[in-house]
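Letter by letter, the chains look like this.
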Amino acid sequence: MKYAMIVDISRCCICYACQVACKDEFVGNPYPPYSFPQPDVEQEWIKVSEIEKGTYPHVKVYPVPLLCMQCGNAPCMDACPIPECIYRKGNGVILIDPEKCDGCKACVNACPYNIIFYNDDRNICQKCTLCIHRLEEGKEPACVDACPSSVFIFGEESMILEEVKKRGAKQMNSEYKLEPRTYYIGLPSPSLAGHVIDEQSLMDIPDAAVTISDIKTSDVISCKSDIAGNFLADSLSINAVYSIKMESKGFVTRTIGDLLLDMEYKHLGDIKLSREA
Amino acid sequence: MVSFLIRSSGSIRCRLRKLHKIKDSNGYEYEPIWINTKDAEARGIKHRDIVMAFSEKGKILAGAYVTERIKPGVVRMFYGGNWDPEDPRSRESLDRGGSGNVLTTNSPQSSHAYLHRIQHMMIDVCKWEGQN
């Protein structure tokens, strides 16, 4: 049985419980033969990196919990000069043997996700072990256990792969072709946002139908404004020209044509719709 | 140019105090100070640079956290760090730890509430190129 994980970024409330749980689990606690204690600073085996898109005042923050991807063809294993120092357990978890590691940093430099850390004090490289000591006891990893908004879906690989298909999860940086077994939902993608308001009263218009169509390829993406009048359309392509149509009951339909998506997160600001006569 | 310091209380980041500190090349941990990209560019500050924040009253060192999430003209520090001055006997001494109290006024919030002034303060930020 192999383990895999889905991280649903859209559910994350940026509470850092996973990061704290990881520190709680590993700082000062050795789990032989899998890991030595984690230092309390400069190492975050799971790190919620807040990726910012857009410019002030319209900023979108994507909280991306980054942990060891447990890659299918792991570059750290290839890079390590010591035989059987970095190895894969039967359940798919990649581990660095803390006794064999001599701190050459080859794996630190090889990892494209930068989630292997060098420990000055002990002269070893360390990373997320997917809490293998907890898995052996039949428990979930500490971060998964601590998450209050069920960002993580953790389980057997076949179950996770079904879920990946169902929910459209993606691998992070799939162009590296490392086959990571951690999948993400809602990774940053070129997106377009706006705020639909009433021209007269300046009140938000909820449930306005927004249709975004690519002028060249005529692909259509439709979404609805939320209770505060905000809409967000993601998975667009950068440097494409879009036309945006907004319609709501009782309002004159408004179209914004020839809009070039020149940045990763573009906010159109307040879009005023006038009332029907 | 003048910036304002907002000392906000009750942030989740305070609980992760040791995790969010910004280290310099010697391993000293500085308190992060949020600064807008435009302000940082105008002052030649890059992300994770060591900066000096100063007001009329005092000066502190902090690590720059360059972000779009803060308004231009405003910098922000969560509480501040532990007071670690170069010379504890001098009031004008540079505080390496990044204590916000060094910058803010000594007068209390009101005669009824003897708290430090935690709202805002006229300060400016510049890149620190001195001896770390």
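Quick note: structure is the one above.
Residues numbered from 1 in each chain as written. Chains lettered and ligands numbered in written order. Predicted model: local features only at pLDDT ≥ 70, side-chain atom pairs only at ≥ 80, totals over all residues. Heavy atoms only, no water.

A. Layout of the side chain of S189(A). Inspection of the secondary structure assignment puts S189(A) in the loop between β10 (182–185) and β11 (191–198). Contact partners of S189(A), with chain neighbours within four places excluded, come to Y62(A), D234(A), S235(A) and E264(A). (Helix = DSSP H or I, 4+ residues; strand = E, 2+ residues; numbered from the N terminus. Contact = heavy atoms within 4.5 Å.)

B. Spatial organisation of helix α6 (residues 157–167) of chain A. All names here are of chain A. Every buried residue of α6 is listed here: I160, E163 and V164. Taken down its axis, α6 places every buried residue within 105° of arc, on the same side. Exposed and oriented more than 90 degrees from the buried face of α6 are E162, K165 and K166. Each element contacted by the buried residues of α6 is listed here: β1 (3–8), β8 (152–156) and β10. Positive backbone phi, at 65°, marks G168, one or two positions downstream of α6. (Buried < 20%, exposed > 50% of the residue type's maximum accessible area, 1.4 Å probe, protein only. Arc of directions from axis to C-beta.)

C. Region of the structure containing helix α1 (residues 17–26) of chain A. All names here are of chain A. Counting buried residues along α1, 8 of its 10 residues qualify, which places the element largely inside the surrounding structure. For α1, the complete set of buried residues consists of A17, C18, Q19, A21, C22, K23, E25 and F26. Immediately downstream of α1, the backbone of G28 shows phi near 80°, a positive value.

D. Layout of the sheet that holds strand β17 (residues 265–273) of chain A. Residues and elements named next belong to chain A. With mixed pairing, the 3 strands of this open sheet are ordered in space as β14-β11-β17. On the outer flanks of this sheet lie β14 (230–233) and β17, each paired with one strand and no other. Strand-to-strand twist of the sheet, defined as the mean angle between neighbouring strand axes without regard to direction, takes the value 20°. Pairing geometry for β11 and β17, over 7 bridges, is parallel. (Pairing = 2+ DSSP bridges. Axes fitted to C-alpha atoms, helices over the stretch in contact; angles between N-to-C directions.)

E. Expanded view of the side chain of S243(A). All names here are of chain A. Inspection of the secondary structure assignment puts S243 in strand β15 (residues 241–247). Judged by relative accessible area, which is 16%, S243 ranks as buried. Among residues more than four places away in sequence, those in contact with S243 are T211, I212, S213, I215, I256, G257 and D258.

F. Representation of the interface of chain A and chain B. Counting from both sides, the interface comprises 16 residues of chain A and, opposite them, 16 residues of chain B. Here chain A packs against chain B, burying approximately 1400 Å² in sum over the two surfaces, 56% of which is carbon and sulfur. Looking at the side of chain A facing chain B, the largest losses of area belong to V41(A), E52(A) and Y56(A), adding up to 39% of the total buried there. Here chain A is connected to chain B by 2 salt bridges. A salt bridge links R69(B) to E52(A); the shortest N-O distance between them is 3.0 Å. Along the contact surface separating chain A from chain B lie 5 residue pairs in polar contact (both at pLDDT 80 or more). When residues of the side of chain A that touches chain B are traced back to their parent elements, those giving at least two are α1, β2 (47–55) and β3 (58–66) of chain A. Among the elements that take part in the side of chain A that touches chain B, β2(A) stands out by supplying 4 residues, more than any other. In terms of residue class, the side of chain A that touches chain B is built from 7 nonpolar, 3 polar and 6 charged. (Buried area = accessible area lost by both parts, 1.4 Å probe. Salt bridge = Lys/Arg side-chain N within 4 Å of Asp/Glu carboxyl O. Polar contact = N/O pair within 3.5 Å; in protein donor to acceptor, adjacent residues only side chain to side chain. Nonpolar A, V, L, I, M, F, W, Y, C, P; charged D, E, K, R; others polar.)

G. Representation of the pattern of salt bridges within the structure. Applying the stated rule across the entire model yields 18 salt bridges over all chains. The partner of R89(B) in a salt bridge is D87(B), and the shortest N-O contact between them spans 3.9 Å. Look at D87(B) and you get partly exposed, because its relative accessible area is 32%. Here the salt bridges do not stand alone but share partners, grouping D8(A), E163(A), K166(A) and R167(A) into one network.

H. Expanded view of unusual backbone geometry. All names here are of chain A. A cis geometry characterises the amide bond from P32 onward to P33, with omega recorded as 0°. Within the fold, P33 resides in the loop between α1 and β2. Residue P57 is bonded to the preceding Y56 through a cis peptide linkage, with omega at 5°. In this structure, P57 sits in the loop between β2 and β3. At I14, a position not held by glycine, the phi torsion is positive, near 50°. Structurally, I14 can be placed in the loop between β1 and α1. Classification of I14 as partly exposed rests on a relative accessible area of 26%. Phi is positive for Y16, which is not a glycine, with a value near 65°.

I. Highlighting the pairing of strand β7 (residues 124–127) of chain A. Residues and elements named next belong to chain A. Residues I124 and Q126 line one face of β7 and the alternating positions C125 and K127 line the opposite face, and both faces are buried. Bridging between strand β6 (residues 116–119) and β7 involves 4 bridges; their strand directions are antiparallel. Looking across to β7, one finds that F117 is bridged to Q126.

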